[in-house]
Amino acid sequence: MARDARATEAAGTTGTGKMVEAAGTAGPGGAGGAPEEAPDGRDEQDAVARLRSAGLRRGAGINAVRMLMVAAWLGLWELSATHWIDPFYYSRPSKIWERLVGWFTDGTSQGSIWEQISYTLQEAVAGFALGAAGGVLLGIVLGRSRFLSEVCAPFIKAANAIPRIILASLFVIWFGLGMQSKIATAFVLVFFAVFFNAFQGAREVDRSLVDNARILGAGRLQVLTTIVVPSATSWILASLHSAFGFAIIGAVVGEYSGADKGLGLLINHSQGTFDSAGIYAGMIIITVLALLAEWLLTLLEGRLLRWRPPAAGHDAQI
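Residues numbered from 1 in each chain as written. Predicted model: local features only at pLDDT ≥ 70, side-chain atom pairs only at ≥ 80, totals over all residues. Heavy atoms only, no water.

Colleague: Lay out unusual backbone geometry in plain terms, naming residues and giving numbers.
Modeller: The backbone of Ser 91 sits at a positive phi, close to 55 degrees, despite the residue not being glycine. Its location among the elements puts Ser 91 in the loop between helix H3 (87-90) and helix H4 (93-106). In this structure, Phe 274 takes a positive phi of about 55 degrees despite not being glycine. Tracing the sequence through the fold places Phe 274 in the loop between helix H11 (263-272) and helix H12 (276-304). By relative accessible area, which is 58% here, Phe 274 ends up exposed. (Helix = DSSP H or I, 4+ residues; strand = E, 2+ residues; numbered from the N terminus. Buried < 20%, exposed > 50% of the residue type's maximum accessible area, 1.4 Å probe, protein only.)

Structural data, given as structure tokens:
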């Protein structure tokens, strides 16, 4: 009896194995055909396409709301200047548009508008480059040296407390009405904005990474270039977004204090002639330049920080 039961069990197992083998070998195309490919790749492509379409719709909706807000604001301003407020003091959008068109077609009282924009941009870019380089260098050095940071702290705080408009007046006296005084003003504004972020970024480096690198034989320079600087990059780039705006402000403030060219001179001249439309027109041009610089810095940040995984709130932008 026991022998017969074992034989029956072995026969059943062998038959089941053959059935499983036959089922795995025979496909929809017949016996011995290849198994059908799972549609995972097509599903993934469809999901990506849906996400991309949703993103485009969301972006279009955001832009539409922005356009409506700007149109409502300009329409209310135009209506108010027509019926309730004095356009001599507050101007109106149509008048500002006329001033902008006149500047770009006929020129300004100081010459070509492109020459004024170029002059201000040269001052801002030079001040931005020098201030950013100096702020990054000194911020990282002091951030990694406790002794030097304690020695220089009161002097840096005192220099940062000086009103910038006073420095702009001094720079005009020291360097004259040319480009040097405006570059110096832009440099001061950019330097402190970048310095404090670079200093904090160098201080926030993970201590365990530094210790492990030194255990593995890395020298001070290797630790600085491979750990400290990459770790502080996000802090530095975050400061650069606002730093270029400060550079333009420094150039315009310097031109406002005394210059023979530039957008600041145009705004100063418009103020002297009670031309509120000219003041607004100069403000719009400066804003457009700052936004273009912000866009370029965002592209640069995306390239430099491509290695970093996205943060949880990376979609929220200001």
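Colleague: Explain a nonpolar patch on the surface to me, and be specific about the residues and the numbers.
Modeller: A contiguous nonpolar surface patch, about 940 Å² in accessible area, is contributed by Leu 76, Leu 79, Trp 84, Ile 85, Phe 88, Tyr 89, Tyr 90 and Phe 274. Of all elements in the fold, only helix H2 (40-83) and H3 reach the threshold of two or more residues within the nonpolar patch. Take the nonpolar patch: its biggest share by element is 3 residues, from H3. Along the chain, Phe 88 falls in helix H3. (Patch = residues over 30% accessible without salt bridge, like charges linked within 9 Å, V, L, I, M, F, W, Y side chains within 5 Å. Areas by Shrake-Rupley, 256 points an atom, 1.4 Å probe, with all protein chains shown as cover. Salt bridge = Lys/Arg side-chain N within 4 Å of Asp/Glu carboxyl O.)

Colleague: Outline the nonpolar core, supporting the account with residue identities and numerical values.
Modeller: In terms of nonpolar packing, the biggest core is built from 41 residues, with Phe 128, Leu 263 and Ile 285 touching the most fellow members. It is helix H10 (residues 220-257) that contributes the most residues to this core, 13 residues altogether. In contact with Phe 128, other than residues within four places in its own chain, are Val 190, Leu 240, Ala 243, Phe 244, Ala 247 and Leu 297. If you look at the next biggest cluster of nonpolar residues, it comprises 10 residues, including Leu 142, Ala 184, Phe 191 and Phe 195. (Core = buried A, V, L, I, M, F, W, Y, C linked by side-chain atoms within 4.5 Å. Contact = heavy atoms within 4.5 Å.)

Colleague: Quick one: what's the story with the pattern of salt bridges, residue by residue and with numbers?
Modeller: Evaluated as defined, the whole model comprises 4 salt bridges. Its salt-bridge partner being Glu 78, residue Arg 92 comes within 3.9 Å of it at the nearest N-O pair. Here the residue Arg 92 occupies a position in the loop between H3 and H4, and Glu 78 occupies one in helix H2, the gap between them amounting to 14 residues. Its relative accessible area of 23% is what places Arg 92 among the partly exposed residues. You can call Glu 78 partly exposed: its relative accessible area is 23%. The shortest N-O distance in the salt bridge between Glu 115 and Lys 261 comes to 3.0 Å.

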